[in-house]
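# Structural overview
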Amino acid sequence: MKKLTLFLIFCICCVAVADMDARPRKKKKSRKRVRVTRVVKPTIHENPYLCCEDTCEHVHGLDMSHYQGEVFWETVGQNSKMAYVYLKATEGGDRIDPQYERNIDLAHRHGLKVGSYHFFRPMSDLQLQLENFKTQCLPGEQDLIPMLDVETVGKLSTEEFCDSLFKFLDLMEEAYHQKPLIYTFRNFYNKHLLGKLDDYQLMVAMYADEPPVLADERDYIIWQYTCKGRIMGVAGQVDKSYIMGDHTLRELRFIH
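In this text, all values refer to a predicted model and were calculated from it rather than measured experimentally. (Residues numbered from 1 in each chain as written. Predicted model: local features only at pLDDT ≥ 70, side-chain atom pairs only at ≥ 80, totals over all residues. Heavy atoms only, no water.)

Right, let's get into the overall build of the chain. In terms of regular secondary structure, the chain is built from seven helices and nine strands. Within the chain, the proportion of its 256 residues that are buried is 40%. Counting every atom, the chain has about 16,200 Å² of accessible surface; 54% of that belongs to carbon and sulfur. (Helix = DSSP H or I, 4+ residues; strand = E, 2+ residues; numbered from the N terminus. Buried < 20%, exposed > 50% of the residue type's maximum accessible area, 1.4 Å probe, protein only. Areas by Shrake-Rupley, 256 points an atom, 1.4 Å probe, with all protein chains shown as cover.)

Structure below.
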């Protein structure tokens, strides 16, 4: 009897297991891996030659030196709205820009009004600097008044620097019979020249979207707004500027 009972229990267990195996098993829901695709918007490159001078009414110009290499002035004259150019002629007492003679000749030929500038070294001999500039900046070749590039004090104090600067400005005025245009940066002006150049026209450099305001709020005639301009005819970057407000290029004409 005991054996029969055990046999029946064994049979029931086997049936139960077979029944469970026969039932359809629930499939586990598999997580579908969603592949995320990054949508990258195409970069739209603006035409580097579509510039401020193409979209505004200001009178635009350039500052050029040997740093621009060999300029194709015919292309500059034919394909831009540039009205004037200031060319680096000299620096200190003995440096002459190697591209100056070529630049001034071809810039004239292709229709730009031309002026020349000297990079001022306040610790160098002033008379030597003047003579160096005079060998290159010949009055008969100038449309615009000479410009003095003022952006370093050397190792001088502000007082010593200003003493050197104003002595040199007097020498330039005596040589060319007119006050030179002074080029400087806004921060340099505010630190060293504030309120000291009221008798001089200024070209102020600050590379920003809006024209600079000097700390003494004085007027200036030209704003150099970029040192990374592009122009047809020049392989690299160029300094660009424009005449401010109600001023005109005629105010800078060289008096012969």
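Further remarks concern the packing of helix 6 (residues 158-176) against helix 7 (residues 186-193). Between helix 6 and helix 7, the least distance of the axes is 10 Å, while the angle of their chain directions is 100 degrees. As the angle between them shows, helix 6 and helix 7 are arranged roughly perpendicular. Here helix 6 contributes Thr158, Phe161, Cys162 and Leu165 to the contact with helix 7, which in turn contributes Phe188, His192 and Leu193. Counted by class, the contact of helix 6 with helix 7 contains five nonpolar, two polar and no charged residues. (Axes fitted to C-alpha atoms, helices over the stretch in contact; angles between N-to-C directions. Parallel < 35°, antiparallel > 145°, perpendicular 65-115°, else oblique. Contact = heavy atoms within 4.5 Å. Nonpolar A, V, L, I, M, F, W, Y, C, P; charged D, E, K, R; others polar.)

On the secondary structure map, Tyr100 appears in helix 4 (residues 100-109). The contact partners of Tyr100, leaving out residues within four places of it in the chain, are Leu87, Lys88, Ala89, Ser116, Gln136, Cys137 and Gln142. Within the local environment of Tyr100, its side chain forms a polar contact with the side chain of Ser116, the two groups lying 2.6 Å apart. Within the structure, Tyr100 has its side chain in polar contact with the side chain of Gln142 (distance 3.4 Å). (Polar contact = N/O pair within 3.5 Å; in protein donor to acceptor, adjacent residues only side chain to side chain.)

A few words on the layout of surface pockets. Take a probe with the size of a water molecule and roll it over the atoms, and the empty space left behind shows itself. In this structure, the largest pocket occupies an estimated 270 Å³ of space. Taken together, 18 residues line the largest pocket, and the ones lying closest to its centre are Tyr117, Asp149, Glu151, Tyr183 and Asp239. Taken together, the elements giving at least two residues each to the lining of the largest pocket come down to strand 1 (60-64), strand 2 (82-91), strand 4 (113-119), strand 5 (147-149) and strand 6 (181-185). A per-class count over the lining of the largest pocket returns eight nonpolar, three polar and seven charged. (1 Å grid on protein atoms, 1.4 Å probe; cavity = no way out; pocket = protein on both sides within 12 Å on 5 of 7 lines; lining within 4 Å. Points joined across faces, edges and corners; volume = space filled by probe spheres on them.)

Where helix 4 is concerned, the buried positions are Tyr100, Asn103, Ile104, Leu106 and Ala107. Where helix 4 is buried, its residues contact helix 3 (73-79), strand 2, strand 4 and helix 5 (126-136).

This part covers the side chain of Gln129. Mapping Gln129 onto the fold places it in helix 5. Among the polar contacts made by the side chain of Gln129, one reaches the side chain of His118 at a distance of 2.9 Å. Apart from the residues lying within four places of it in its own chain, the contact partners of Gln129 are Gly92, Gly93, His118, Phe119, Phe120, Arg121, Ser124 and Phe168.

The next subject is the packing of helix 5 against helix 6. Remark: helix 5 packs on helix 6, axes separated minimally by 10 Å, with the N-to-C direction vectors making an angle of 40 degrees. Seen from above, helix 5 lies across helix 6 with right-handed handedness. Where helix 5 approaches helix 6, its residues Leu126, Gln127, Gln129, Leu130, Phe133 and Lys134 are matched on the opposing element by Ser164, Lys167, Phe168, Leu171, Met172, Ala175 and Tyr176. (Left-handed = near helix turned anticlockwise from the far one by under 90°.)

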